[in-house]
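A look at the structure
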Amino acid sequence: MPVKKGDFIRLDYTGKIQETNEVFDTTNQEVAEEAEIFSENKTYGAIPIVVGGGHILPALDDAVEGMKAGEEKTVEVSAEDGFGKRDPNLLQMVPMREFKKQGIKPQVGMAITSEGHTGIIRTVSGGRVTVDFNHELAGKNLEYQVKVEEIMEDDTEKVKAMIELHYPNPHLDPEKHKIIFDDGKVIIYMDEMAKFDQQRSYMDITMIRFRLARDIYENMKNVSKVEFVDVFEKKEETKEEKDVPEKLPEEEVIEEKLPEEKLPEEAEEQ
């Protein structure tokens, strides 16, 4: 069955810069290691997406439509359809004193963030620093090798796939997610390890849940509401814990008295 917009699929891909054949992104660990872009913080393997959901470049979304499970394709993406043309207005000169105020020693290639935008330092000369806020792939023609690994049919697997996409965490076990469908509503009980995530702020988690819910109710039939449930239960004592005495007997302490020292006056009187 051909892929259509709104389908939940798993996609493998490798992206290269056409002009240099340099690999800049991939879901294949072996390819990443060969290209020396492997990251221990990334989970490799086909990624779950909703076709047309904005999870990949629009040009790739269009290319994937009509493909079948197991099919591969090479997709060429122009700079305009990729990350856009380079904008000279996004090259900014920043006085060195601004870095000194922040206690930063600027170096070529260093990434900095300003007003929510990430830029790369291109030059450091005298009292001025050139920062490039263009996307690193702006102005480059790209080539993707893509493969549709799976077209998902099971609704529970679709929901779990969206959790995997929006809430990547190697400590979460997908088998421990509990998904309930109830009269147009999806109720999600995530693996309890998600409750102890200290890497994300409350606002980050709220936005993640919003995007996850939107992908579900916009692309799954007869679903109009998504609920997330966090459950905290009182731990029941085990038999072994009950058998432990509330208070252990105190150890006997033997005090050893030292002979009293006599003052010189007392010694003379004796």
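Above this text you will find the structure in question.
Remember, predicted model here, so these are calculated numbers, not experimental data.

**Concerning the sheet that holds strand E8 (residues 128-132)**
Read from one edge to the other, the open sheet built from 4 strands follows the order E5-E8-E7-E6, with strand pairing classed as antiparallel. With one partner strand each, in any of the chains shown, strand E5 (91-95) and strand E6 (111-114) form the two edges of the open sheet. The mean inter-strand angle of the sheet, taken between neighbouring strand axes irrespective of direction, is 40°. Relative to strand E7 (residues 117-125), E6 is paired through 4 bridges, and the arrangement is antiparallel. Bridging across to E7, Ile112 finds its partner in Gly119.

**Some thoughts on the environment of His166**
Tracing the sequence through the fold places His166 in helix H4 (residues 155-166). Aside from chain neighbours lying at most four places away, what touches His166 is His55, Ile208, Arg211, Leu212 and Asp215.

**Topic: the packing of aromatic side chains**
Counting across every chain of the model gives 3 aromatic pairs. Both rings, one in Phe38 and one in Tyr44, keep their centres 5.5 Å apart while their planes meet at 15°; by these two values the pair is stacked. Judged by its relative accessible area of 35%, Phe38 is partly exposed. Feature note: the residues Tyr13, Phe24 and Tyr144 constitute an aromatic cluster, connected by ring pairs. For Lys178, the ring lying beneath its charged end belongs to Tyr189, and the centroid distance is 5.4 Å. Sitting above the plane of the Phe232 ring, Lys195 keeps its charged end 4.5 Å from the centroid.

**Focus on the environment of Asp154**
Tracing the backbone through its elements, the reader meets Asp154 in the loop between strand E9 (142-151) and H4. Measuring from C-alpha to C-alpha, the distance between Asp154 and Phe8 comes to 9.7 Å, with 146 residues separating the pair along the chain. A polar contact is formed between the side chain of Asp154 and the backbone nitrogen of Thr156, at a distance of 3.1 Å. Of note is the side chain of Asp154, whose polar atom sits 3.0 Å from the backbone nitrogen of Glu157.

What counts as what
- Residues numbered from 1 in each chain as written.
- Predicted model: local features only at pLDDT ≥ 70, side-chain atom pairs only at ≥ 80, totals over all residues.
- Heavy atoms only, no water.
- Pairing = 2+ DSSP bridges.
- Helix = DSSP H or I, 4+ residues; strand = E, 2+ residues; numbered from the N terminus.
- Axes fitted to C-alpha atoms, helices over the stretch in contact; angles between N-to-C directions.
- Contact = heavy atoms within 4.5 Å.
- Phe/Tyr/Trp six-rings, centres within 6.5 Å; stacked < 30°, edge-to-face > 60°.
- Buried < 20%, exposed > 50% of the residue type's maximum accessible area, 1.4 Å probe, protein only.
- Lys NZ or Arg CZ within 6 Å of the ring centre and 35° of its normal.
- Polar contact = N/O pair within 3.5 Å; in protein donor to acceptor, adjacent residues only side chain to side chain.

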